[in-house]
Amino acid sequence: MERTLTQKVLEPHLVVGKYMPGKEIGIRIDQTLTQDATGTMCYLQLEAMGIPKVKTELSVSYVDHNTIQAGFENPDDHKYLQTIAAKYGIIYSRAGNGICHQVHLERFAKPGKTLLGSDSHTPTAGGIGMVAIGAGGLDVAVAMAGGPFYLTCPKVIRINLTGKLQPWVSAKDVILKVLEIFGTKGNVGCVFEYTGDGVKTLTVPERATITNMGAECGVTFSIFPSDEVTRSFLKAQAREMDWIPLFPDEGAEYYKEVEINLSELVPLIACPHSPGNIKKVEEVAGLPVDQVCIGSCTNSSYRDLMIVAEMLDGKQCHPDVSFVIAPGSRQVLRMLAENGVLDKLIAAGARIAECACGFCIGNSQAPRSNGISLRTSNRNFLGRCGTKSAQVYLVSPETAAAAVITGKITDPRSLDLPYPEIKMPGQFLIDDSMFLPPSPEPEKIEIYRGPNIGEPPVNDPMPEKIDGVVTIKVGDEITTDHIIPAGSRMKYRSNVPKYAEFVFEVLDPDFHKRAEAYKEQGKHNIIVGGLSYGQGSSREHAAICPMYLGVKAVIAKSFERIHAANLVNFGIAPLLFKHEADYAEIDQGDELEIPDIRQKIANGEDITVVNKTKGKTFMVTYQLSERQKEILLAGGTLSYMKSKA
Ligand code: MIC
Ligand code: SF4
């Protein structure tokens, strides 16, 4: 039978189950990546698993998120990660080497292989023909320990690209178009497979911009074929031996198909506060801009920064605009330094930031109060940039550079500029000196632990019944940035009791006090949510911190994939309203009882919830595999693994 590209990569990696869309499968993971903000918890959990060395073909630990060192916490975490990597057979990518996804694409990603990363934008590597999936740190730890990664065998959506991008329109506009078509919810369990004649007109970094932001649609991963373009990219990275050809079979069947004619695309923009809020740039043109930030794992490649530099050559940044550039990798930065282009950017007034996530995660470069910020990154959720009253718009590097010149949102096509054709280099500058290989004498490595690093918390088994209170009721599309903020709070990633003080900070700063008070009274905490609860990042702290505060269940209309898996991993029940209308009947502060929850889940039965405050009952259900049920009842993956051992 004719197979999709997805099937061709997944099938040889199957270790549990059969390739049947909709069913749970377990796959072998060839490579893993972690970043520092999710990595500390991930490696603490790996330590708890008691294996001496990782079992993957390749595991890399990147330091790119918490690189601001305004206290001891982050540098302590870096040292912990460095020593753990040396001991466990992991490559350590030092702070300054670049953003994990950009660097991984350059130096390690391989067509046909599987990659699991503790970051939701891991699918960036799908641009090179990899099955690359984001997950919680615990799932990545299990994969490093040699265990399978479990996922729902995906429904494959074909996105057929025809035509060719016109000048001033780029890969970011393609993925913004995809977001316009598919939105940010309702795509759980699907993947995007890109096909068609248009594919060969896109370079690998452009493809990676597209696969990167598939995460915003909620698909498990996005994948491009591996063709001659892939081969020349790998050759230019001195890795031609990593190339294999990979295409879907002619006539393969897809769950859904859409066509995008690249020739017809125009510059697009995601308006506040969702990456799915898409308009044409020309519709919002003229809005004055306070800040332009270029970088992030979406748009910080050599090509992206070259085109910006050429557009700004000999020009000056508008006086009302603060202009920031964070190159994606040290490779990119060194190449721009070597070819003199960096000077064009500095001359134009760019504030050159570290090769790191930086502004994208809101740990620096917060806009002014009510400020308008134009960014090439992938998320514009409320408050993520560090200023709650700011308005963040997401655009291509071309549209960002146009605003640097004019001081307002500008369709780059409307500028009277010659279009700079950027050629991919025949040879990238290769300098792997910021990767530290694992130690040849791991037994001699002592693991460094600063005072900020605590034990990974473990949950109790699921009780017979939940006797609780609705500690918070939230609406649709609540992201993990709402649940637990990043930015300046992120330095507490290794200190769960402290970090838990910020749960729901952006929506309700008193949440943690209420939750602690109920917990002290012996009550369980319950969160009620709407559609697509847990969008966005893979941060398992959005489960760990609520767990620490005594949350036992989240009842929502629907969940996003990674967050639902994280809830189960930490023993919190992700329950679904059987009838969505019941959501309206519940209020914050209502006392809820969920009798026999253990038994009902064990038997696979729907569950009756008693709203004691309202004197009513309603039904909830769940989507859990047999394996997940066992994990949930045990109180999470660590407890489950201990009970198995
Ligand atoms: C993000 O972009 O939200 C992050 C920060 O990279 C997260 C990971 C984290 O919270 O550490 C992600 O995308 O998974
Ligand atoms: Fe870093 Fe931003 Fe990419 Fe997350 S989305 S990995 S914070 S650059």
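Keep in mind the model is a prediction, meaning the values are calculated, not measured. (Residues numbered from 1 in each chain as written. Chains lettered and ligands numbered in written order. Predicted model: local features only at pLDDT ≥ 70, side-chain atom pairs only at ≥ 80, totals over all residues. Heavy atoms only, no water.)

**A word on the overall build of the protein chain**
Put simply, the rule reads: Every helix listed is a DSSP run of H or I at least four residues long, and every strand listed is a run of E at least two residues long, numbered separately from the N terminus. Two things to know: the radius of gyration comes from C-alpha atoms, and the globule rule equals 2.2 Å times the number of residues to the power 0.38. When checking whether two residues touch, look at their non-hydrogen atoms; a contact exists if any pair is within 4.5 Å. Calculation of accessible area relied on Shrake-Rupley with a 1.4 Å probe; when residues are assessed, cover is drawn exclusively from the protein chains displayed. Working convention for charge: Lys and Arg count positive, Asp and Glu count negative, and His plus the chain ends are omitted. Charge positions are represented by NZ for Lys, CZ for Arg, CG for Asp and CD for Glu.
Each helix and strand in the protein chain was counted, giving 22 helices and 27 strands. Taking 26 Å as the expected radius of gyration for a compact globule of 645 residues, we find that the protein chain reaches 24 Å, a close match to that expectation. For the protein chain, the C-alpha atoms occupy an extent of roughly 70 × 55 × 55 Å along the three principal directions. Of all intrachain contacts in the protein chain linking residues separated by at least 6 positions in sequence, the fraction that spans at least 24 positions is 77%. For the protein chain, the computed accessible surface area is about 22300 Å², with 49% contributed by carbon and sulfur atoms. One finds the centroid of the 67 positive side-chain charges in the protein chain at a distance of 1 Å from the centroid of its 76 negative side-chain charges.

**Some points on the site of ligand 2**
Under the convention used in this document: Summary of the distance rule: residues count as near a molecule or strand when at least one heavy atom falls within 4 Å of that molecule or strand. Under the scheme applied, nonpolar residues are Ala, Val, Leu, Ile, Met, Phe, Trp, Tyr, Cys and Pro; charged residues are Asp, Glu, Lys and Arg; polar residues are all the others, including Gly.
With respect to spatial proximity, the complete set of residues near ligand 2 consists of His 65, His 101, Asp 119, His 121, Ser 296, Cys 297, Cys 357, Cys 360, Ile 361, Asn 378 and Arg 384. For the shell around ligand 2, the residue count by class is four nonpolar, five polar and two charged.

**Things to note about the side chain of Asn 363**
This is how it is decided: Each polar contact in these results corresponds to two N or O atoms within 3.5 Å; when the atoms are within protein, one needs to be able to donate a hydrogen and the other to accept it, and residues that are neighboring in sequence are counted only if both atoms are side-chain atoms.
Inspection of the secondary structure puts Asn 363 in the loop between strand S17 (351-352) and strand S18 (372-375). From its side chain, Asn 363 meets the backbone oxygen of His 65 in a polar contact 2.9 Å long. Here the side chain of Asn 363 touches Ser 364 through a polar contact of 3.0 Å, side chain to side chain. Residues within four places of Asn 363 in sequence aside, it is in contact with His 65, Ile 68, Gly 358 and Gly 487.

**Notes on the side chain of Thr 6**
Here Thr 6 lies in helix H1 (residues 5-10). Excluding residues within four positions of it along the chain, Thr 6 makes contact with Tyr 19, Pro 154, Val 156, Val 191, Glu 193, Phe 221 and Ile 223.

**Describing the sheet that holds strand S26 (residues 607-611)**
Inclusion rule: Here, a strand pair is defined by DSSP locating no fewer than two bridges between the strands. With axes taken as lines fitted to C-alpha atoms, and helix axes fitted only over the stretch in contact, angles between N-to-C directions fall between 0 and 180 degrees.
The strand order around the closed barrel formed by seven strands is S21-S22-S23-S24-S27-S26-S25, and the pairing between neighbours is mixed. Within the sheet, the average angular offset between the axes of one strand and its neighbour, ignoring direction, is 35°. Where S26 lies against strand S27 (residues 616-621), five bridges are found, and the strand directions are antiparallel. Its bridge partner lying in S27, Ile 607 is registered against Val 620. Packed on one face of the sheet, helix H17 (residues 511-520) meets strand S21 (466-473), strand S22 (524-528) and strand S23 (551-556) and runs near 170° to S21.

**Considering the packing of aromatic side chains**
The cut-off we apply is this: The rule is short: rings of Phe, Tyr and Trp, with Trp giving its six-membered ring, pair when the centres are within 6.5 Å, and they are stacked under 30 degrees, edge-to-face over 60, tilted in between. Relative accessibility decides the category of a residue: with a 1.4 Å probe and only protein chains considered, values under 20% of the type maximum give buried, values over 50% give exposed, and everything between is partly exposed. We call a charge positioned above a ring when the Lys NZ or Arg CZ atom is no farther than 6 Å from the ring centre and deviates by at most 35 degrees from the ring normal.
According to the stated counting rule, one finds 11 aromatic pairs in the structure shown. Seen in terms of ring centroids, Phe 182 and Phe 192 are 4.8 Å apart; in terms of plane orientation they differ by 50°. Their pairing is tilted. A residue pair is termed long-range when its members are at least 10 positions apart, and Phe 182 in helix H6 (residues 171-182) and Phe 192 in strand S10 (residues 190-195) qualify at 10 residues. Since its relative accessible area comes to 10%, Phe 182 is described here as buried. Note on Phe 504 and Phe 511: the rings are 5.0 Å apart at their centroids and 70° apart in plane angle, and the pair reads as edge-to-face. Each of the two residues, Phe 504 as well as Phe 511, counts as buried. Joined through ring pairs, the aromatic side chains of Phe 233, Tyr 302 and Phe 428 make up one cluster. Between Lys 498 and the ring centre of Tyr 492, over which it is positioned, the NZ or CZ distance is 5.6 Å. Sitting over the face of the ring of Tyr 583, Lys 557 holds its NZ or CZ atom 4.4 Å from the ring centroid.

**Remarks on the pairing of S22**
Applicable threshold: The handedness rule is simple: strands pointing away from the viewer, and a clockwise path from the first strand over the helix to the second, make the crossover right-handed.
Counting buried positions along S22 yields five of five residues, so the element is predominantly enclosed. Residues of S22 alternate between two faces, with His 524, Ile 526 and Val 528 on one and Asn 525 and Ile 527 on the opposite face, all of them buried. Bridge analysis of S21 against S22 gives five bridges, and the strand direction is parallel. By the bridge assignment, Lys 473 is partnered in S22 with Val 528. Inspection of the sheet shows S22 paired to S23 by four bridges, in the parallel sense. When the sheet's bridge partners are listed, Asn 525 is paired in S23 with Val 551. Of the crossover connections in this fold, the one passing from S22 over helix H18 (residues 541-548) to the parallel S23 is right-handed.

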